[in-house]
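Each chain, written out:
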Amino acid sequence: MRTDHVEYLPFSGWVDPPTDVQPALDGDVSCRVAVIGGGINGMSTALRLAQRGLDVVLLEAEFCGHGSSSRNAGQLAGAPGGDLQLLNLLSRKKMPGMMRLAEHATHHVEEFIAKHDIDCEYEATGNAFAAVSRGQMGRVGRVAKIVTRAGGHVEVGTSEELGIPRGFVGGMRETVGGRMNPGKFSLGMRRVLLDSAARVFEQTKVTDVSREGGQVVMTTSRGQVRADRVVLATNAFAGEWDVTPKHLSVPIYVIEVETEPIDPARIAALGWTSGMGLVTQHAIMENYRLTPRNTIVFGVRRLERGTSYPLPEKVPDPELVRELASAFERRFPSLADVAIERAWGGWIAITPSWLPVAGRIDGDVYYSIACNGHGLAQAPYVGTLIADAIVDGERHEDLQTLWQEKPSFPRPVMMSRSGLRTIWAYDRLLDMVNGSRRNARRGAVLTSDR
Ligand SMILES: Cc1cc2nc3c(=O)[nH]c(=O)nc-3n(C[C@H](O)[C@H](O)[C@H](O)COP(=O)(O)OP(=O)(O)OC[C@H]3O[C@@H](n4cnc5c(N)ncnc54)[C@H](O)[C@@H]3O)c2cc1C
């Protein structure tokens, strides 16, 4: 696979930044509720609050949709994020609630797209947990049992049965969800928000959150906002203030790359008839998905931990792009001559429990980190539920599932740079073992053919 002319994008490969970036806050304002962060989480919260008649201000450091909301792989997943075997082991009782939340979140986003007629190329293909080896297929079977027991809707099959590329052994299809252009989705949501009664200030970075006279005060470079309630919706950037609970989440940099356009006949020859987005069953997954422009977007495989705030603006490490290219050659050998055209990345938040969390600090500061790699569906849904909880004073059962009564979180384990490197090395070791087994099997077949 060719990687010699990759364009390294500082934003996203899905869309260009908007041309109508809104003016920054200039002066002091007051409101009932302030939302910090204009990703799909914060935008959903502000929009719902405005629709329900509350005076709401949203503060966004760059422009709404600037974060991972516009940069992700666009796989709208119908199952919880993270390692489901591990989650089942650590939080078994929570699994039915998490499953329900994940499916409701997916439907919520589908309804939002339809209601607001957002052109984001959404197709309800479902997504697949795809196995690259017999070992991973065993894991898929175990995960399918966990998901089904928790009330989820999945089907297990071979690659032919599921309509996924023949380079994979088989997998598990999540029947709920699909794929989209996440950049168009985020900017579409931004348009709906800007048309609402919410007051939106872009280019407005909050540098401090404090309390004064029974109100919460947000400080920016050119003014302050005073609010009765505030919602922290900054995802990976949440650790920037003292008010944020300790160990709430770990910021992780994740990348995606996109191939050049591929001849549709060559794509058809892959056997990818379902068009489903794929995630492998490595400890740190690889993801692969088709786009309407006949390219394949793929990524993740290695995680890079952010170690200090503010998190830096980054572009992907060329070494990781080359590593993704070598993985692509293994999964799609017939496309080994295709070039990677561009690469981008973004910051996500991983929680110590691998579960999305939401909660409240001292009655007036709300937070929600609904990510762990599955925020495309869950972040907008949880944002909407937070808004409803603020207005109604009571919580929907899906919000209750991830509600953290006390804002205290354990120190995250295996999330240090060396821990993440060890998990990555473990995946590569298994890849090597599986590769040798596959070669041995092929050798045995050739010998017996003779
Ligand atoms: C490469 C990649 C691939 C992914 N793939 C998928 C996928 O296929 N499916 C899926 O479900 N999820 C995926 N995700 C995760 C998903 O994108 C996120 O969970 C989701 O977008 C989180 O939305 P958010 O609104 O919480 O955060 P963000 O979109 O990150 O928004 C946070 C916002 O806060 C703003 N901000 C930060 N600090 C401040 C401040 N001090 N003042 C004001 N504003 C501030 C930022 O500018 C940003 O706009 C992926 C993520 C990445 C990076």
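Before reading further, recall that the structure is shown in the block above.
All of these numbers come straight from a predicted model, not from anything done at the bench.

What counts as what
Residues numbered from 1 in each chain as written. Predicted model: local features only at pLDDT ≥ 70, side-chain atom pairs only at ≥ 80, totals over all residues. Heavy atoms only, no water. Helix = DSSP H or I, 4+ residues; strand = E, 2+ residues; numbered from the N terminus. Buried < 20%, exposed > 50% of the residue type's maximum accessible area, 1.4 Å probe, protein only. Contact = heavy atoms within 4.5 Å. Areas by Shrake-Rupley, 256 points an atom, 1.4 Å probe, with all protein chains shown as cover. Axes fitted to C-alpha atoms, helices over the stretch in contact; angles between N-to-C directions. Parallel < 35°, antiparallel > 145°, perpendicular 65-115°, else oblique. Nonpolar A, V, L, I, M, F, W, Y, C, P; charged D, E, K, R; others polar. Near = heavy atom within 4 Å. Polar contact = N/O pair within 3.5 Å; in protein donor to acceptor, adjacent residues only side chain to side chain. Pairing = 2+ DSSP bridges. Expected span 1.5 Å × (residues − 1). 1 Å grid on protein atoms, 1.4 Å probe; cavity = no way out; pocket = protein on both sides within 12 Å on 5 of 7 lines; lining within 4 Å. Points joined across faces, edges and corners; volume = space filled by probe spheres on them. Patch = residues over 30% accessible without salt bridge, like charges linked within 9 Å, V, L, I, M, F, W, Y side chains within 5 Å. Salt bridge = Lys/Arg side-chain N within 4 Å of Asp/Glu carboxyl O. Lys, Arg positive; Asp, Glu negative; His and termini not counted. Charge placed at Lys NZ, Arg CZ, Asp CG, Glu CD.

> Would you explain the overall build of the chain in this entry?
For the chain, the count of helices and strands is 11 helices and 21 strands. With the principal axes as the frame, the chain shows a C-alpha extent of 85 × 45 × 40 Å. The buried share of the chain, reckoned over its 450 residues, is 58%. Within the chain, contacts between residues separated by at least 24 positions form 77% of all contacts whose residues are at least 6 apart in sequence. Accessible area of the chain: about 18600 Å², with a carbon and sulfur share of 51%.

> Would you mind showing me how to read the packing of helix H3 (residues 95-115) against helix H9 (residues 375-392) here?
Where H3 meets H9, the axes come as close as 8 Å, and the angle between the chain directions of the two elements is 85°. Judged by the inter-axis angle, H3 sits roughly perpendicular to H9. On H9, the residues that touch Leu 101, Ala 102, His 104, Ala 105, Thr 106, His 108 and Val 109 of H3 are Leu 376, Ala 377, Gln 378, Pro 380, Tyr 381, Val 382 and Thr 384. Taken together, the residues of the contact of H3 with H9 sort by class into nine nonpolar, five polar and no charged.

> Help me understand the site of the ligand in this model?
Close to the ligand lie 37 residues; Glu 60, Ser 69, Gln 75, Gly 373 and Leu 376 are nearest. At 3.1 Å from a nitrogen atom of the ligand is found a main-chain nitrogen or oxygen belonging to Ala 73. A distance of 2.9 Å separates an oxygen atom of the ligand from a polar atom in the backbone of Leu 376. Contact with the protein chains hides 97% of the accessible area of the ligand, taken as 1000 Å² for the molecule alone. For the shell around the ligand, the secondary structure elements donating two or more residues are helix H1 (40-51), strand E13 (250-259), strand E18 (340-350) and H9. Top element by residues in the shell around the ligand is H9. It accounts for three residues.

> For this particular structure, what's the right way to read the pairing of strand E5 (residues 127-131)?
Regular strands have side chains that alternate between both faces of the sheet. Burial analysis of E5 places five of its five residues in the buried class, which makes it a mostly covered element. Every second residue of E5 is oriented toward a common face, with Asn 127, Phe 129 and Ala 131 on one face and Ala 128 and Ala 130 on the other, all of them buried. In this sheet, strand E7 (residues 170-174) lies alongside E5 in antiparallel orientation, the contact comprising five bridges. Bridge assignment links Asn 127 to a residue of E7, and that residue is Glu 174.

> What exactly am I supposed to notice about H3 here?
Counting along an α-helix, one turn takes 3.6 residues, and residues three or four places apart therefore face a common direction. In this model H3 runs 30 Å from its N-terminal to its C-terminal C-alpha over 21 residues, within 8% of the 30 Å that 1.5 Å per residue would give. Of the residues trailing H3, Asp 117 is marked for its positive phi of about 50°.

> Can you walk me through the layout of surface pockets in this structure?
Unoccupied space between atoms shows up once a probe the size of one water molecule is rolled over them. Here the second largest pocket defines a volume of roughly 390 Å³. Residue contributions to the lining of the second largest pocket peak at five residues, all from helix H11 (residues 417-449). The residue inventory of the lining of the second largest pocket, partitioned by class, reads four nonpolar, four polar and eight charged.

> Looking at this structure, I do not really get a positive patch on the surface. What am I missing?
A surface patch of like charges, here positive, comprises Arg 92, Arg 142, Lys 145 and Arg 149. You can see Arg 92 is positioned in the loop between helix H2 (84-90) and H3.

> Explanation requested: empty space enclosed by the protein in the structure shown.
One pass over the full model with this rule turns up one cavity of 30 Å³ or more. Taken as a whole, the largest cavity holds about 30 Å³ of empty space. Along the walls of the largest cavity sit Val 132, Ser 133, Arg 330, Arg 331, Asp 431, Asn 434 and Arg 438, which together make up its complete lining. Elements supplying a minimum of two residues to the lining of the largest cavity: helix H8 (318-331) and H11. Looking at the lining of the largest cavity element by element, the count peaks at three residues for H11. The residue inventory of the lining of the largest cavity, partitioned by class, reads one nonpolar, two polar and four charged.

> Quick question: what am I supposed to make of H1 here?
An ideal rise of 1.5 Å per residue puts 16 Å on 12 residues; H1 measures up with 16 Å between its terminal C-alpha atoms. Judged by how many residues are buried, H1 sits mostly within the fold: 10 of 12 residues are covered. Within H1 the residues assigned to the buried category are Ile 40, Asn 41, Gly 42, Met 43, Ser 44, Thr 45, Ala 46, Leu 47, Leu 49 and Ala 50. At the C-terminal side of H1, Gly 53 shows a positive phi close to 90°.

> I keep staring at the environment of His 282 and nothing clicks. Help me out?
Its location among the elements puts His 282 in the loop between strand E14 (277-280) and strand E15 (286-290). Under the relative-accessibility criterion, His 282 is labelled buried at 6%. Sequence-wise, His 282 and Arg 428 are 146 residues apart; in three dimensions their C-alpha atoms are separated by 9.0 Å. Leaving out residues up to four positions away in the same chain, His 282 has contacts with Val 132, Gln 136, Arg 139, Arg 331, Asp 427, Arg 428 and Asp 431. In this structure the side chain of His 282 is engaged in a polar contact, spanning 3.5 Å, whose partner is the side chain of Gln 136. Side chain to side chain, His 282 and Thr 280 meet in a polar contact 2.8 Å long.

> Explanation requested: the pattern of salt bridges in the structure shown.
A side chain of one charge can pair with a side chain of the opposite charge when the charged atoms of the two come close. As enumerated under the stated definition, the model contains 36 salt bridges in all. A salt bridge links Asp 228 to Arg 32; the nearest nitrogen and oxygen atoms lie 3.7 Å apart. Placement of Asp 228 in strand E12 (residues 223-232) and of Arg 32 in strand E2 (residues 29-36) is noted, with a sequence separation of 196 residues between them. As a salt-bridge pair, Glu 397 and Arg 100 come within 3.5 Å of each other at their nearest N and O atoms. Separated by 297 residues along the polypeptide, Glu 397 in helix H10 (residues 397-402) and Arg 100 in helix H3 bring together distant segments of the chain. Residue class for Glu 397 comes out partly exposed when judged on its relative accessible area of 48%. Beyond isolated ion pairs, a larger network of salt bridges with shared partners links Glu 286, Arg 301, Arg 302, Glu 319, Glu 323, Arg 330, Arg 331, Arg 428 and Asp 431.

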